[in-house]
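Reading the structure
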Amino acid sequence: EPVNHAMSPAAAASVVGISKRFGKTSVLENISFDVAEGEVLVLLGASGSGKTTILRIIAGLEMPYTGKVILHGKDVTELPARERGVGVIFQSYALFPKMTVEKNIGYGLKIRKRKRKEIRETVKELLQLVQLEEHRKKYPSQLSGGQQQRVAIARTLAYKPEVLLFDEPYGALDTQTRVHLRREIRALLRKVNVPSIFITHDQEEALELGDRVAVLNVGHIEQIGTPFEIYNHPATEYVATFLGAANLLEATVRNSTLELGTARIPAQFDKGRFKDGDCVKIVFRPEDVSLSKSEFVRPGLHRVATALVEEISFVGAYERLRLRLEKGSGEECSIDDSYYLTTDTPESSAKSVIATRPKPEASATKLHIGERVILSITSFTVLPLSENKKTLRE
């Protein structure tokens, strides 16, 4: 068979058709992706989705059942971990407590018996890169979490790894430190031209860190794309609901419109996927909802229904509302879908919609509980029903 399949010219690291079983249990099914030189790919998934197993297979700590790992054009599937040149950065950083920063960074080169001068020069370069020159003589215990993380990265970069793997590296830190660190690491990885793979279960982290994000669900990739694509154009209901709050309403395809109760929304359909009369789900984010007190709806908005304000709460800079759609507003598909994969409780999700409004808008048009409003949406994604059934069953 041709050796170079699935290796796009720009790919620096590739995983091709990887599957993994533990006994009878399949943990990964046919996973394939490429990471370009200098690109950050985030594997995002709940615990048990298989992301750690993928990382361990790339690192050479686990053998795949099928498939291969290719680093810079070389098939390393059979190579032991230490011969792959893969740099793994774990949650605990695992720095040597009795070594200074510079000794920690040079350690890998020292055990590889490199010349002293080479070690000195490499350490000097890396100290500059991670901006720790003035801390070179300190011990790990004298550094902040973020500085320790940078030492761990520098130590890994010292032996020019083929690919950098980050195993939930911020798990142990508080939110503010994490946000700050993400930005630092992001900037640092932009400077080093090494393909990097992060694993996390934190949606916000994935969207902020990744050039691309692969959303994993029980051992398979649901969608891979830029943070913008997966957030705004989720390919499946799982992706939509996993990446923050999503509203789901059922509708029927009629010509080139969607029918929700009395509302008609124009939509572009992929003719191969949707036929006339098909039941579909439309997915939209709370920030895609627009509320008005009058029947007048701004151009560019799609009127969906009238709704009653049920709950109003403040979330920092946003006002969050729960709205109950009035009877006859959509949801008239004949299929009995008794369970929903929304972030809300099942019994309320069928007819309720979550909306968020930024402060200026909330102040300009004050709404009260029990008030009737016109609910419109700015953008949405259409998903088939059948696909969701499949996702739910698994």
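Residue indices follow the written sequence of each chain, beginning from 1 at its first position. Per-residue local features of the predicted model are confined to residues with pLDDT of at least 70, and side-chain atom pairs are confined, for both listing and counting, to 80 or more; whole-chain, interface and lining totals are unaffected and use all residues. In computing side-chain properties, one takes all heavy atoms of the structure into account and sets aside hydrogens as well as water.

A word on the pairing of strand β14 (residues 279-284). The cut-offs for exposure are 20% and 50% of the maximum accessible area for each residue type, with area from a 1.4 Å probe on protein chains only; residues under the lower value are buried, those over the upper are exposed, and the others partly exposed. Counting from the N terminus, the helices are DSSP H or I runs at least four residues long and the strands are E runs at least two residues long. Counting buried positions along β14 gives six out of six residues, so the element sits mostly inside the fold. Of the two faces of β14, both are covered, the one formed by C279, K281 and V283 as well as the one formed by V280, I282 and F284. For two strands to be treated as a pair, DSSP must find at least two bridges joining them. Strand direction decides the pairing type here: β14 and strand β20 (residues 381-384), joined by four bridges, are antiparallel. Within β20, the position partnered with V280 by the bridge is P384.

Moving on, we get to the packing of helix α4 (residues 145-157) against helix α5 (residues 175-191). Axis definition: a line fitted to C-alpha atoms, over the contacting stretch in the case of helices. Angles run 0 to 180 degrees between N-to-C directions. Relative to each other, α4 and α5 sit at 25°, their axes nearing to 11 Å. In terms of orientation, α4 and α5 fall into the roughly parallel class. As α4 packs across α5, the resulting crossing turns out to be right-handed. Counting all contacts with α4, which are made through G146, Q149, R150 and I153, the residues of α5 involved are L181, E184, I185 and L188. Residues are grouped as follows: nonpolar covers Ala, Val, Leu, Ile, Met, Phe, Trp, Tyr, Cys and Pro; charged covers Asp, Glu, Lys and Arg; every other residue, Gly included, is treated as polar. Class assignment for the residues of the contact of α4 with α5 results in four nonpolar, two polar and two charged. Oblique is the label for any angle not covered by the other classes, which are roughly parallel (under 35 degrees), roughly antiparallel (over 145) and roughly perpendicular (65 to 115). Note: crossing handedness is left-handed where the near helix turns anticlockwise from the far helix by less than a right angle, and right-handed where it turns clockwise. A contact between two residues is defined here by any heavy atoms of the two lying within 4.5 Å.

As a further point, take the packing of aromatic side chains. Any two of the Phe, Tyr and Trp rings considered here, Trp counted by its six-membered ring, make a pair once their centres fall within 6.5 Å; the pair's planes then place it as stacked at under 30 degrees, edge-to-face at over 60, or tilted in between. Applying the stated criterion across every chain yields a total of three aromatic pairs. When the centroid spacing of 4.2 Å and the interplanar angle of 5° are considered together, the rings of F166 and F198 count as stacked. On the criterion of sequence distance, the pair formed by F166 in strand β7 (residues 163-167) and F198 in strand β8 (residues 196-200) is long-range, its members being 32 residues apart. The exposure classification of F166 matches that of F198, with both residues buried. Where Y238 meets F242, the ring centres are 5.5 Å apart and the plane angle is 10°; that geometry is what we call stacked. Within this pair, Y238 and its partner F242 are both found in helix α8 (residues 237-242), separated by four residues, close to a single helical turn. Only when the NZ atom of a Lys or the CZ atom of an Arg is both within 6 Å of the ring centre and within 35 degrees of the ring normal do we say a charge sits over the ring. Lying across the ring of Y159, R112 places its NZ or CZ 4.1 Å from the centre. The aromatic ring of Y231 is capped on one face by R285, whose charged end is 4.1 Å from the ring centroid.

A cavity, in this analysis, means grid points on a 1 Å lattice covering only the protein atoms where a 1.4 Å probe fits yet has no way out; a pocket is instead an open set bounded by protein on both sides within 12 Å along at least five of seven lines, and a residue lines either one if it has an atom within 4 Å of a point. Grid points are joined across faces, edges and corners, and a volume is the space filled by probe spheres set on the points. Considered as a void within the structure, the largest pocket measures approximately 500 Å³ in volume. In terms of lining, the largest pocket is formed by 21 residues, of which the most central are V86, G87, V88, T156 and Y159. Elements with a contribution of two residues or more to the lining of the largest pocket: β6 (86-89), α2 (101-111) and α4. Looking at the lining of the largest pocket element by element, the count peaks at four residues for β6.

Overall, antiparallel pairing links the five strands, which are arranged β15-β19-β16-β17-β18 in an open sheet. Pairing within the sheet leaves two strands with one partner each, and these edge strands are β15 (289-292) and β18 (352-358). Strand after strand, the sheet turns through a mean of 45° between neighbouring axes, direction not considered. Relative to strand β17 (residues 318-325), strand β16 (residues 302-315) runs antiparallel, the two being bridged by eight bridges. By the bridge assignment for β17, I312 is matched with L321.

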